[in-house]
Amino acid sequence: MRLFSLFKSATVIALVSAVLADSDVINLTSENFDSIVNPDPLILVEFFAPWCGHCKALAPHYEEAAAALKENGIKLAKVDCVDQADLCQANGIQGYPTMRVYRHGDYSDYTGPRKTDGIISYMIKQSLPAVTEVTPENYKDFIKADKIVALVFLPSTTDAPGPEFTATANKHRDDYLFGSTTDKSLAEEAGVEPPAIVLYRAFDEPQTEYPYPAGSAKVKDIENWIKELAIPIIDEVSTENYQMYAQSGKSLAYLFVDPSDSELEAQIAMVRPVAQKYKNGVNFVWIDAVKFGDHAKALNLVEPKWPAFVVQDIHKQLKYPYDQDKQLSEQGLDSMLAQYVEGKLEPQLKSQPIPASQDEGVFNLVGKQFDEVVFDDDKDVFVEFYASWCGHCKRLKPTWDSLGDRYADVKDRLVIAKMEAQENDLPPSVPFRVNGFPTLKFKKAGSRDFIDYNGDRSLESLIAFVEENARNPLDSKVAIENATQAEAHEHHDEL
């Protein structure tokens, strides 16, 4: 038995050693860092810690990318910051994994994906000039080298829009692949008349020509056109590509699906015609409902029933879920989107139940009462937007309760309130969204404007802020004016 255990251990050690020996990722230390990194025209370096979960998740992808990129002469390396603590400290490494692209010793931060294909694509872009010269020999490979490839066909290298195209490529070399050609036979093969710009994609329409006179195209025109076409009609959304959608400026329509459902492809196909029809104003994605069930709840899809559909106005953080009691259909989705783009669809606002009583000094505000309470013209209102899990909010609670108690006898003119911002949606009437916790906002009586509180969170500072900004008198013995009287009085003072 002991002999078997020893044999088993030896086998494991041998296998691990073989894997390490076969690795295409270079191990860097204080002794070899400068000699390997400084002379290299392009090398990707990962600074990691063996205990780091994100580093462990990255490791197999990093290994696979290193093996694939070896054929392109691109090196990947890593530094163990536990073993090489001094080297990492000297390089200013503060978190793991930190990834840097080095060129002859100078580095820029790696901003690409952390999956195999994404690493490969990113580093290939880094290895190429901003604009690659395309010839009959490399044309077919080049237009399929990435998901998004832009190719300009020019009569000569100096003709427009060559300079503008190059400036666009320099600005977006990390995002897309750019090429240029003056070969007439390639223009004929592509079916275009130079000057022309063509976008090749690995999805949707594989070849699209710039629809306006290419010779007068400017950087802004080219990049906006590419950005519009870079987003598929419908695609899976994940942590890898979410920012692309968030930064697009468009609303986002989600189809939540169970990836193991045999009807998955049919469900996506049902949405595609609707996505095609409304793509100018809304981006469409499908998402793993099993993995991202909490996100579905956050978008007000109450029941874990899939497929489900919801449109989110990302800018205003408003949600428009498709009725989960109704079966999804192309006709139903089309009708919903038509109402949405015309501004006729009402958002569904999440709200906790209205409290049966309000006995505390701090008013417990919920979404259903927001307009009624906060936009009461006769009252000053100071609201804390919090999240139940937030540590800063928990530390503020006794101070906020004390603030409410201090003004308990003037509730008829000043409301100190709190709202659980993840359980209650803000109505469309509110001109801001809550992006962090706690967020403190003050609204004067008779006003619809909000003042941010950015001071320290001591009781004294909060009291001083209230005393400075309240329009109503905070002495219960002093009568208050109604909103109209206060406005007239304030206008008279200004005169």
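Residues numbered from 1 in each chain as written. Predicted model: local features only at pLDDT ≥ 70, side-chain atom pairs only at ≥ 80, totals over all residues. Heavy atoms only, no water.

Novice: Looking at this structure, I do not really get the sheet that holds strand 14 (residues 308-313). What am I missing?
Specialist: Strand order across the open sheet formed by 5 strands is 11-13-12-14-15, with mixed pairing between neighbours. Taken across any chain shown, the strands that pair with only one partner, and hence form the sheet edges, are strand 11 (234-236) and strand 15 (318-321). For this sheet, the mean inter-axis angle between neighbouring strands, taken without regard to orientation, is 25 degrees. Relative to strand 13 (residues 282-288), strand 12 (residues 251-257) is paired through 7 bridges, and the arrangement is parallel. When the bridges of strand 13 are listed, valine 257 appears paired with aspartate 288. Across the sheet, helix 11 (residues 264-278) is in contact with strand 11, strand 12, strand 13 and strand 14; its angle to strand 13 comes to roughly 165 degrees. (Pairing = 2+ DSSP bridges. Helix = DSSP H or I, 4+ residues; strand = E, 2+ residues; numbered from the N terminus. Axes fitted to C-alpha atoms, helices over the stretch in contact; angles between N-to-C directions. Contact = heavy atoms within 4.5 Å.)

Novice: How do you make sense of the domain arrangement of the protein when you look at a structure like this?
Specialist: By a frequent convention, interface size equals the accessible area lost on bringing the separate parts together. Once the domains are mapped, the protein shows domain 1 (26-127), domain 2 (132-230), domain 3 (235-342) and domain 4 (363-469). Relative placement of domain 3 and domain 4: their C-alpha centres are 33 Å apart. With 6 residues of domain 3 in contact, the opposing surface of domain 4 contributes 6 residues. At the boundary of domain 3 with domain 4, total buried surface from both sides reaches about 420 Å², with 41% on carbon and sulfur atoms. Between domain 3 and domain 4 we count 1 salt bridge in total. Across the salt bridge formed by aspartate 425 and lysine 319, the nearest N and O atoms sit 2.8 Å from each other. Our enumeration of links across domain 3 and domain 4 arrives at 4 residue pairs in polar contact (both at pLDDT 80 or more). Residues belonging to the side of domain 3 that touches domain 4 are distributed by class as follows: 1 nonpolar, 3 polar and 2 charged. (Domains from an automatic or database assignment. Buried area = accessible area lost by both parts, 1.4 Å probe. Salt bridge = Lys/Arg side-chain N within 4 Å of Asp/Glu carboxyl O. Polar contact = N/O pair within 3.5 Å; in protein donor to acceptor, adjacent residues only side chain to side chain. Nonpolar A, V, L, I, M, F, W, Y, C, P; charged D, E, K, R; others polar.)

Novice: Can you help me understand the pattern of salt bridges in this one?
Specialist: Any two side chains of opposite charge can pair, so long as their charged atoms come close to each other. Under the counting rule described, the total for this entry stands at 16 salt bridges. Measuring nitrogen to oxygen at the nearest pair gives 3.0 Å for the salt bridge that ties aspartate 334 to lysine 277. With aspartate 334 in helix 13 (residues 330-341) and lysine 277 in helix 11, this residue pair connects regions lying 57 residues apart in the sequence. Of the residues examined, aspartate 334 reaches a relative accessible area of 23% and is grouped as partly exposed. For the salt bridge of aspartate 401 with lysine 397, the shortest nitrogen-to-oxygen distance reads 2.7 Å. Residue aspartate 401 and its partner lysine 397 are both found in helix 15 (residues 391-406); the two are separated by 4 residues, about one turn of the helix. (Buried < 20%, exposed > 50% of the residue type's maximum accessible area, 1.4 Å probe, protein only.)

Novice: Please clarify how unusual backbone geometry should be interpreted in this entry.
Specialist: Trans is the prevailing form of peptide bonds, just as negative phi is the prevailing case for residues other than glycine. The step from tyrosine 96 to proline 97 runs through a cis peptide bond, and the omega angle for that step is -10 degrees. On the secondary structure map, proline 97 appears in the loop between helix 4 (85-90) and strand 4 (98-103). Of note, the amide linkage connecting tryptophan 306 to proline 307 takes the cis form, showing an omega dihedral of 5 degrees. With respect to the element layout, proline 307 can be found in the loop between helix 12 (293-298) and strand 14. The phi torsion at aspartate 204 lies on the positive side, around 50 degrees, for a residue other than glycine. Here aspartate 204 lies in the loop between strand 9 (196-201) and strand 10 (207-209). Aspartate 204 sits in the partly exposed class, given a relative accessible area of 29%. In this structure, glutamine 317 takes a positive phi of about 60 degrees despite not being glycine. Of note, glutamine 317 is situated in the loop between strand 14 and strand 15. Taking the relative accessible area as the measure of exposure, glutamine 317 reaches 28% and is therefore partly exposed.

Novice: Looking at this structure, how should I read the packing of helix 7 (residues 162-171) against helix 9 (residues 219-230)?
Specialist: Think of two packed helices as two axes; the pair is described by the angle between the axes and how far apart they sit. Two elements in contact, helix 7 and helix 9, have axes separated by 9 Å at closest approach and are oriented at 55 degrees. Looking at the two axes, helix 7 sits oblique to helix 9. In this structure, the crossing between helix 7 and helix 9 has a hand that is right-handed. Taking contact as the criterion, the partners of Glu164, Phe165, Ala167, Thr168 and Lys171 in helix 7 are, on helix 9, Val219, Ile222 and Glu223. (Parallel < 35°, antiparallel > 145°, perpendicular 65-115°, else oblique. Left-handed = near helix turned anticlockwise from the far one by under 90°.)

Novice: Help me understand the nonpolar core in this model?
Specialist: Among soluble globular proteins, nonpolar side chains are generally buried collectively. Counting 25 residues, the largest nonpolar core has Leu255, Val271, Phe284, Phe309, Val311, Leu333 and Leu337 as the members making the most contacts within it. If you list the elements that add at least two residues to this core, you get strand 12, helix 11, strand 13, strand 14, strand 15 and helix 13. Considering each element in turn, this core owes the most residues, 7 residues, to helix 11. Filtering out sequence-adjacent residues up to four positions away, valine 311 remains in contact with Ser251, Leu252, Ala253, Leu318, Lys319, Tyr320, Met336, Leu337 and Tyr340. (Core = buried A, V, L, I, M, F, W, Y, C linked by side-chain atoms within 4.5 Å.)

Novice: I tried to follow helix 7 on my own but got confused; where do I start?
Specialist: For an α-helix, the turn length of 3.6 residues means that residues three or four places apart are oriented alike. Within helix 7 the residues assigned to the buried category are Gly162, Phe165, Thr168 and Ala169. The buried residues of helix 7 occupy an angular sector of 125 degrees when the element is viewed end-on, so they sit on one face. Turned more than 90 degrees away from the buried face of helix 7 sit Pro163 and Lys171, all of them exposed. Where the residues of helix 7 are buried, they touch strand 7 (148-153), strand 8 (177-181), strand 9 and helix 9. (Arc of directions from axis to C-beta.)

Novice: I tried to follow the sheet that holds strand 10 on my own but got confused; where do I start?
Specialist: Backbone hydrogen bonds hold the strands of a sheet together, and the pairing may be parallel or antiparallel. Strand order in the open sheet made by the 5 strands is 6-8-7-9-10, with mixed pairing throughout. Only two strands of the sheet have a single neighbouring strand rather than two, namely strand 6 (132-133) and strand 10. Sheet analysis places strand 7 next to strand 9, joined by 6 bridges and oriented antiparallel. Considered in strand 9, the bridge of valine 149 is made with tyrosine 200. Of the strands in this sheet, strand 7, strand 8 and strand 9 touch helix 7, which is tilted by about 155 degrees from strand 8.

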